Amino acid sequence: MKYHPDIELLLKYSSGQLAPPLAVAIGLHQYECKICQKKIKELEMIGGSTLESIDTTTNIKHESINSMAADMSSFDQLLNDIEELPDTVDEAYDDIAIARSDVVLFEQLNNRQLNDLPWKNVTRNIARAKIQMDFPGYDVELFKFSPHAKIPKHTHCGREFTFVLEGNFSDNQGQYERGAFIEQNQANEHQPIAGSKGCICLAVTDAPLKFTGALGPLINWFNR
Ligand SMILES: [Zn+2]
């Protein structure tokens, strides 16, 4: 596994501070990624108490700035230590970061029970299923791409988080296999191409995509 959520996302996930759509995406990734399982487990055990000691809401005096700095450096050390842990997990991982109301969706996606989703064809080679999560500010969708389907070239108005459920795809940045978790932002213009077996991805966006190719303005208009 080559593509993982960054440490900030894992930290928020482990302390239950992540938006529910992202928590589901990271939950799916960590289920298949022993490296992230290990990091999350460690962050859950010791990260919470360390975070509580970094109190930025009270009066900040000189001494407390010093102690905050000390806490930050020990926290950096903690993150370094976690990076170096062996990537095997012995006991079963018990997930506490996914809200009870989202567990059904998580189980459905995790078991790849995807046929009952509200699929709609976008083009001959691309189908999309919108997922209702009742959480404002995020779009949650599944995309199904036929083998070798090309996704129109686009940038991102905000951030886009992609989890590969099945198959694989590639773009100018790399090759993404089942289980990969990829974050894109405004800086990344890319044109993904599905692999030889096609691809099914979960996409969580915090703002709509902006298509930039020749047909871009038309697609943007239809996507309003
Ligand atoms: Zn991972």
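Everything below is about the structure shown above.
Please read all numbers here as calculations on a predicted model, not as lab measurements.

Draft legend 1. View of the coordination of the zinc ion. Around the zinc ion, the protein supplies His4 (ND1), His29 (NE2), Cys33 (SG) and Cys36 (SG) as donor atoms, at distances of 2.0 to 2.3 Å. Here the zinc ion binds 4 donor atoms, and the angle range of 97 to 115 degrees at the metal identifies the geometry as tetrahedral. For the zinc ion, the single-chain donor residues occur in sequence as H-x24-H-x3-C-x2-C. Of this pair, His4 sits in the segment before helix H1 (7–14) while Cys36 sits in helix H3 (residues 34–53), and the two are 32 residues apart along the sequence.

Draft legend 2. Structural view of the pattern of salt bridges. Enumeration according to the criterion identifies 5 salt bridges in this entry. In this structure, Arg178 and Glu32 form a salt bridge, with 3.2 Å as the shortest nitrogen-oxygen distance. Linking Arg178 in the loop between strand E6 (174–176) and strand E7 (181–184) with Glu32 in helix H2 (residues 20–32), this pair joins segments that are 146 residues apart in sequence. Using a relative accessible area of 43% as the deciding quantity, one classes Arg178 as partly exposed. Looking at Glu32, the relative accessible area reads 26%, which means it is partly exposed. The salt bridge involving Glu141 is made with Arg128; its shortest N-O contact spans 3.3 Å. Of this pair, Glu141 sits in strand E3 (residues 139–145) while Arg128 sits in strand E2 (residues 126–130), and the two are 13 residues apart along the sequence. Judged by its relative accessible area of 9%, Glu141 is buried.

Draft legend 3. Seen up close, the packing of H1 against H2. Orientation of H1 relative to H2, taken along the N-to-C sense of each, is 105 degrees, at an axis distance of 11 Å. With respect to each other, H1 and H2 are oriented roughly perpendicular. Here Leu9, Leu10 and Tyr13 of H1 lie close against H2, whose contacting residues are Leu22, Ala23, Ile26, Gly27 and Gln30. Class assignment of the residues belonging to the contact of H1 with H2 gives a composition of 6 nonpolar, 2 polar and no charged.

Draft legend 4. Highlighting helix H5 (residues 103–110). Of all the residues in H5, the buried ones are Leu105, Phe106, Leu109 and Asn110. The arc that holds every buried residue of H5, seen down its axis, measures 125 degrees, which confines them to one face. In this structure, the buried side of H5 is in contact with H2, E3, strand E5 (160–171) and strand E8 (193–205).

Draft legend 5. Region of the structure containing the nonpolar core. In terms of nonpolar packing, the biggest core is built from 34 residues, with Tyr13, Leu109, Leu142 and Leu202 touching the most fellow members. The set of elements that each furnish at least two residues to this core consists of H1, H2, H3, H5, E3, E5 and E8. Setting aside chain neighbours within four positions, we find Leu202 in contact with Ala25, Leu28, Leu109, Val140, Glu141, Leu142, Phe161, Thr162, Phe163 and Leu165. The next biggest cluster of nonpolar side chains, apart from the first, holds 15 residues, and it includes Tyr3, Phe143, Phe169 and Tyr176.

Cut-offs and rules
Residues numbered from 1 in each chain as written. Predicted model: local features only at pLDDT ≥ 70, side-chain atom pairs only at ≥ 80, totals over all residues. Heavy atoms only, no water. Donors = N, O, S within 2.8 Å, 3.2 Å for Na, K, Ca; no water. Tetrahedral: all angles 85-135°; square planar, octahedral: opposite > 155°, others 65-115°. Helix = DSSP H or I, 4+ residues; strand = E, 2+ residues; numbered from the N terminus. Salt bridge = Lys/Arg side-chain N within 4 Å of Asp/Glu carboxyl O. Buried < 20%, exposed > 50% of the residue type's maximum accessible area, 1.4 Å probe, protein only. Axes fitted to C-alpha atoms, helices over the stretch in contact; angles between N-to-C directions. Parallel < 35°, antiparallel > 145°, perpendicular 65-115°, else oblique. Contact = heavy atoms within 4.5 Å. Nonpolar A, V, L, I, M, F, W, Y, C, P; charged D, E, K, R; others polar. Arc of directions from axis to C-beta. Core = buried A, V, L, I, M, F, W, Y, C linked by side-chain atoms within 4.5 Å.

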